[in-house]
Amino acid sequence: MSAQLFISLLVIAASVPVIQLTCAYLIMMERKVAAYVQDRYGPNRTNFSFGLNDIWGMLGLGWLFERKNKMLGLGQALADGLKLVWKEDYTPANVDKVLFYIAPMLIVVPALVGAAVIPWGGVWDFPGLVIAGTEWIQPGLAYVTVFPADLGVIYLLAVSSLGVYGVVLGAYASNNKYSFLGGLRATAQMLSYEIPLAICVLIMIITYQSASTTEMTLLQMNGAWGLFAHPMIAVIFFICGLAECNRAPFDLAESEQELVGGFHTEYGSLRWALFFLAEYMHMITSAAFFTLMFLGGSDLLPGVSIIPRVNDGSFFGLLAEGSLLGGVLMVVLQVKIYALKVFVLLWLMMMVRWTLPRFRFDQLMKLAWRGMIPLMLVMLLVVTLMVAYGLTSWWMFLIANIAFALTAPYLGYLLPKDPPINRRIPLEGSRFSPAS
């Protein structure tokens, strides 16, 4: 077995349950962030007894699950998951049952497989594994990811865009007017925000001159992070990521005040839970995507890399040199750094949700078509010309981004003016009637 195949199987076995458990506790984290913003307590009392105190007492573990031992409320996430699993499922009449059943799965699968190209742990110089004189795993360089594709960024962009099919099919199959309106909104929103998102990715591909996720992170480890070279592109990419995940203030597809629940109005129990599981999976993938393009991946700090360099005399190089244990420690350290950056971005997404009000739908579309798309096209032209003429230092791109931010209001002024919104219509007998 090759080293890369062994590492890929290992990453699959580790990442799938970890991501699913993380999604459960992200829901709890969301509730705690909401409580913090609203100046109240979040879930803080549920332990892991789940009402089975007599059984835990018989096993001699009653002291661990006493009522006063609340364990910071960490059992709340598992309690919510068990509640959704055991709730009664219900299928409304007159729905398209085939599409109604498969829609939640269609939205979960793209969110999960999108993480396959994320370089969680950088590169590992695997020393091989020999057991009883037999070589089970060959030595060699291996990327700590599931699928080290040369076009990993393109794959990630393509797979993440498939999530809208689950939303649209669920809305269509529900045979409900509110669900159908939510599906229409989701379709228009995805089509609008995938354009500036794709242009942001294209700009970064041109900047790094590579579409490989691992190559992008290595280039940032040897130079400057993408955030310092393209801060404005990073901001716009983050905004588009919120829209792709249906996160507030872009959650028009499930607006409770207008559409009851939007595309998932008719869903309940486990199928309803799958929609929200997919939302948090998309958030993780979006944050990981942002990290690999703008935050240096598993790079510790700008200019401070812990990537193992064998024979360079450094502590980390000596740790990784010819040692299986040293390589494992290096990979674990890099995975933790990557996960910490993803966690900070997830916290920021939650703070945005509980801070900003929701857009109107016309404002949502205007921001994309009259704001982001024209500006991103101009920035794409500027970056392409800079790379063509060899102006590829990070500070040159930073100057271009600053100039872009200063001239963006003027470029917006040059666009055709909007028709007046909510204008007064003359109506006979009303106070706005010209005759009165």
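Residues numbered from 1 in each chain as written. Predicted model: local features only at pLDDT ≥ 70, side-chain atom pairs only at ≥ 80, totals over all residues. Heavy atoms only, no water.

**Student:** An account of empty space enclosed by the protein is needed here, citing residue identities and associated values.
**Tutor:** Counting across every chain of the model gives four cavities of 30 Å³ or more. Reported here for the largest cavity is a volume of approximately 170 Å³. Lining the largest cavity are 19 residues, with I107, V167, C245, N246 and H282 positioned closest to its centre. Listed by contribution, the elements that provide at least two residues to the lining of the largest cavity are α6 (163-173), α7 (177-208) and α12 (269-294). (1 Å grid on protein atoms, 1.4 Å probe; cavity = no way out; pocket = protein on both sides within 12 Å on 5 of 7 lines; lining within 4 Å. Points joined across faces, edges and corners; volume = space filled by probe spheres on them. Helix = DSSP H or I, 4+ residues; strand = E, 2+ residues; numbered from the N terminus.)

**Student:** Outline the UniProt feature "transmembrane region" (unreviewed entry) in the protein, listing residues and values.
**Tutor:** UniProt tags residues 98-120, 153-172, 193-211, 223-243, 272-295, 324-347, 367-388 and 394-415 as "transmembrane region" (unreviewed entry). The straight-line gap between the two end C-alpha atoms of residues 153-172 is 31 Å; of that span, 90% is helix and 0% is strand. The distance from the first to the last C-alpha atom of residues 367-388 is 30 Å, and the span holds 100% helix and 0% strand. (UniProt positions renumbered as here; feature names shortened; annotations may be inferred.)

**Student:** With reference to specific residues and values, describe the pattern of salt bridges.
**Tutor:** In the structure shown here, the tally under the stated rule is seven salt bridges. Note that R360 is salt-bridged to D362, the shortest N-O span being 2.8 Å. Residue R360 is classed as partly exposed on the basis of its relative accessible area of 39%. One network of salt bridges, with partners in common, ties together E30, R247, E279 and R353. (Salt bridge = Lys/Arg side-chain N within 4 Å of Asp/Glu carboxyl O. Buried < 20%, exposed > 50% of the residue type's maximum accessible area, 1.4 Å probe, protein only.)

**Student:** Talk me through the packing of α6 against α7; I want residue IDs and the actual numbers.
**Tutor:** At a minimum axis distance of 8 Å, the contact between α6 and α7 shows a crossing angle of 155°. Classed by the angle they form, the pair α6 and α7 counts as roughly antiparallel. Relative to α7, the crossing made by α6 is left-handed. Of the residues in α7, those touching α6 at V164, V167, V168 and A171 are S179, F180, G183, A186, T187 and M190. Considered class by class, the residues forming the contact of α6 with α7 number seven nonpolar, three polar and no charged. (Axes fitted to C-alpha atoms, helices over the stretch in contact; angles between N-to-C directions. Parallel < 35°, antiparallel > 145°, perpendicular 65-115°, else oblique. Left-handed = near helix turned anticlockwise from the far one by under 90°. Contact = heavy atoms within 4.5 Å. Nonpolar A, V, L, I, M, F, W, Y, C, P; charged D, E, K, R; others polar.)

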